[in-house]
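Observations on the three-dimensional arrangement
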Amino acid sequence: MPLVDAAWQEWLGTNAARGCTMDSMIDAMVQAGFAADVAQQMVRNAIGLSLASGAASGTAAARANGTEAAPPQKTPHPYRYDDAPVARGNTIRAYDRDVQVLMRCERPQLMVLANVLSADECAEMIGRSRHRLKRSTTVNPATGQEDVIRNRTSEGIWYQRGEDAFIERMDRRIASLMNWPAENGEGLQILRYGPTGEYRPHFDYFAPDQPGSAVHTARGGQRVATLVVYLNDVPDGGETIFPEAGLSVAAKQGGAVYFRYMNGQRQLDPLTLHGGAPVVAGEKWIMTKWMRERAYV
Ligand code: PD2
Ligand code: ZN
């Protein structure tokens with residue numbers, strides 16, 4: 001049986017406060033290997049704490065307390081758009097480079113940027129990655145394991161944060177641009193999609209109600225924002241699509257799309273559903289940075 005460690009405590013607290021039903025939480029814990037009686041006790045405790053902290057109205061805590069007969073409601077409060085940390089203005093000084101803002105969107109919180117990397121820097125990133133690529137995986141929400149599945153047809157490589165002077169400069173520039181601590185960032189990931197390669201719509205945050213997420217949020221907490229930098233011009237296809245927002249961003253060398261999905265109250269924005277459209281002609285190279293709530297060590 002798994003240990004009820006800090007990651008599970010966080011998972012319990014978050015889901016009790018956001019209105020998950022007791023049964024769904026117990027089921028998820030049993031699926032992850034907990035004995036049913038242990039899961040039931042842990043969920044009761046979490047809901048008790050949530051009640052005591054005054055977060056009960058409209059939540060699993062209220063229903064458990066007999067104060068509300070409403071059917072399960074998974075999102076009791078709509079996402080609140082508080083201020084994003086990124087700088088205002090048409091040009092952002094990002095560590096050692098001026099980055100141009102081409103477009104800002106408020107819902108979801110998103111920016112399209114130009115000149116994040118120079119053409120030489122893009123070529124350097126591609127050159128050092130091309131011969132070291134491995135087929136990309138996605139997180140299985142039930143188990144937390146990395147699975148190779150058909151909805152993500154790309155190859156990739158991870159770079160450790162600050163692993164050499166060039167990578168460190170990229171990490172610093174991106175942290176400055178996102179206005180978020182460099183130590184909260186995951187290592188940079190480089191991805192290559194060949195013709196027909198795609199990444200079907202998904203969320204970059206870890207699903208809070210899935211047991212497999214606890215493994216990932218144990219290190220640095222939830223993801224809060226993403227920057228995708230385009231390392232080449234894609235002749236046709238390969239846009240980053242946001243189907244709920246009706247938006248798509250074309251892949252232009254050195255440009256980027258930034259989007260933020262966790263606000264100061266730890267709510268997650270469902271409008272940030274996004275994917276990489278199939279590449280129709282040529283290939284597509286991107287560099288991705290995911291920022292976490294806390295230091296990612
Ligand atoms: O390929 C993309 O455009 C893309 C966009 C957003 C990939 C990812 N996210 C990702 O790897 O999560
Ligand atoms: Zn993504």
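This text gives an overview of the structure that appears in the document. Here the structure is a predicted model, which is why all the values come from computation and not from measurement.

Conventions we followed
Residues numbered from 1 in each chain as written. Chains lettered and ligands numbered in written order. Predicted model: local features only at pLDDT ≥ 70, side-chain atom pairs only at ≥ 80, totals over all residues. Heavy atoms only, no water. Near = heavy atom within 4 Å. Polar contact = N/O pair within 3.5 Å; in protein donor to acceptor, adjacent residues only side chain to side chain. Areas by Shrake-Rupley, 256 points an atom, 1.4 Å probe, with all protein chains shown as cover. Helix = DSSP H or I, 4+ residues; strand = E, 2+ residues; numbered from the N terminus. Nonpolar A, V, L, I, M, F, W, Y, C, P; charged D, E, K, R; others polar. Pairing = 2+ DSSP bridges. Axes fitted to C-alpha atoms, helices over the stretch in contact; angles between N-to-C directions. Donors = N, O, S within 2.8 Å, 3.2 Å for Na, K, Ca; no water. Buried < 20%, exposed > 50% of the residue type's maximum accessible area, 1.4 Å probe, protein only. Salt bridge = Lys/Arg side-chain N within 4 Å of Asp/Glu carboxyl O. Contact = heavy atoms within 4.5 Å. Core = buried A, V, L, I, M, F, W, Y, C linked by side-chain atoms within 4.5 Å.

What follows deals with the site of ligand 1. The environment of ligand 1 is made up of 13 residues, and the closest members are Arg152, Tyr193, Thr240, His274 and Lys284. In the environment of ligand 1, a nitrogen atom lies 3.1 Å from a nitrogen or oxygen atom belonging to the side chain of His274. A distance of 2.8 Å separates an oxygen atom of ligand 1 from a polar side-chain atom of Lys284. For ligand 1, the accessible surface in isolation is 310 Å², of which the surrounding protein chains cover 99%. Those elements giving two or more residues to the shell around ligand 1 turn out to be β8 (188-193), β9 (199-202), β15 (274-276) and β17 (284-292). Considering each element in turn, the shell around ligand 1 owes the most residues, three residues, to β17. Along the lines of polarity and charge, the residues of the shell around ligand 1 split into six nonpolar, four polar and three charged.

Before going further, it helps to spend a moment on the sheet that holds β9. Ordered in space as β9-β15-β12-β13, the four strands form an open sheet in which the pairing is antiparallel. Only two strands of the sheet have a single partner each, and these edge strands are β9 and β13 (247-249). Averaged over neighbouring strand pairs, the angle between their axes works out to 15 degrees when direction is ignored. In this structure, β9 lies alongside β15, joined through two bridges in antiparallel fashion. Counted as the bridge partner of His202 is His274 from β15.

Donor atoms from the polypeptide that bind the zinc ion (ligand 2) are His202 (NE2), Asp204 (OD) and His274 (NE2), placed at 2.1 Å. Sequence positions of the residues that donate to the zinc ion (ligand 2) give the spacing H-x1-D-x69-H. Taken together, the positions of Asp204 in the loop between β9 and α7 (213-217) and His274 in strand β15 put the pair 70 residues apart, joining distant regions of the chain. Overall, the relative accessible area of 6% leaves Asp204 in the buried class.

All right, on to the pattern of salt bridges then. Per the counting criterion, the structure on display carries 18 salt bridges. Here Glu198 and Arg200 are joined by a salt bridge, their closest N and O atoms 3.3 Å apart. Here Glu293 and Arg266 are joined by a salt bridge, their closest N and O atoms 2.8 Å apart. Of this pair, Glu293 sits in the segment after β17 while Arg266 sits in the loop between β14 (256-260) and β15; the two residues are 27 residues apart in sequence, bridging distant segments of the chain. With a relative accessible area of 18%, Glu293 lands in the buried category. Here the salt bridges do not stand alone but share partners, grouping Asp96, Glu121, Arg169 and Arg173 into one network.

Below, the discussion takes up unusual backbone geometry. The peptide bond linking Arg107 to Pro108 adopts the cis configuration, its omega dihedral lying at 0 degrees. Phi at Tyr95 takes a positive value of approximately 55 degrees, unusual for a residue other than glycine. When its relative accessible area of 44% is taken as the criterion, Tyr95 is described as partly exposed. Residue Asn115 is not a glycine yet carries a positive backbone phi of 70 degrees. By the secondary structure assignment, Asn115 is in the loop between β3 (109-114) and α5 (119-129).

With that settled, the discussion passes to the sheet that holds strand β7 (residues 155-159). Strand order in the open sheet made by the nine strands is β1-β2-β3-β14-β10-β17-β8-β7-β4, with antiparallel pairing throughout. Since the sheet does not close on itself, it has two edges, and those belong to β1 (91-94) and β4 (134-135), each with one partner. Where β4 and β7 come together, two bridges link them in antiparallel fashion. Bridged to Arg135 within β7 is Glu155. Contacts between α5 and the sheet are confined to β2 (97-105), β7, β8, β10 (223-230) and β17, with β7 contributing the most and set at about 105 degrees to the helix. The sheet contacts of helix α6 (residues 165-178) involve β1, β2, β3, β7, β8, β10, β14 and β17, and relative to β17 the element is tilted by about 60 degrees.

Counting residues in each nonpolar core, the largest one holds 55 residues, and the members touching the most others are Leu113, Leu117, Met125, Leu227, Leu231 and Met287. The element best represented in this core is α6, accounting for seven residues. The residues contacting Leu113, other than those within four sequence positions of it, are Val99, Gln100, Val101, Leu102, Leu177, Leu227, Gly255, Ala256 and Tyr258. Met22, Phe34, Met42 and Val43 belong to the second largest nonpolar core, which has eight residues in total.

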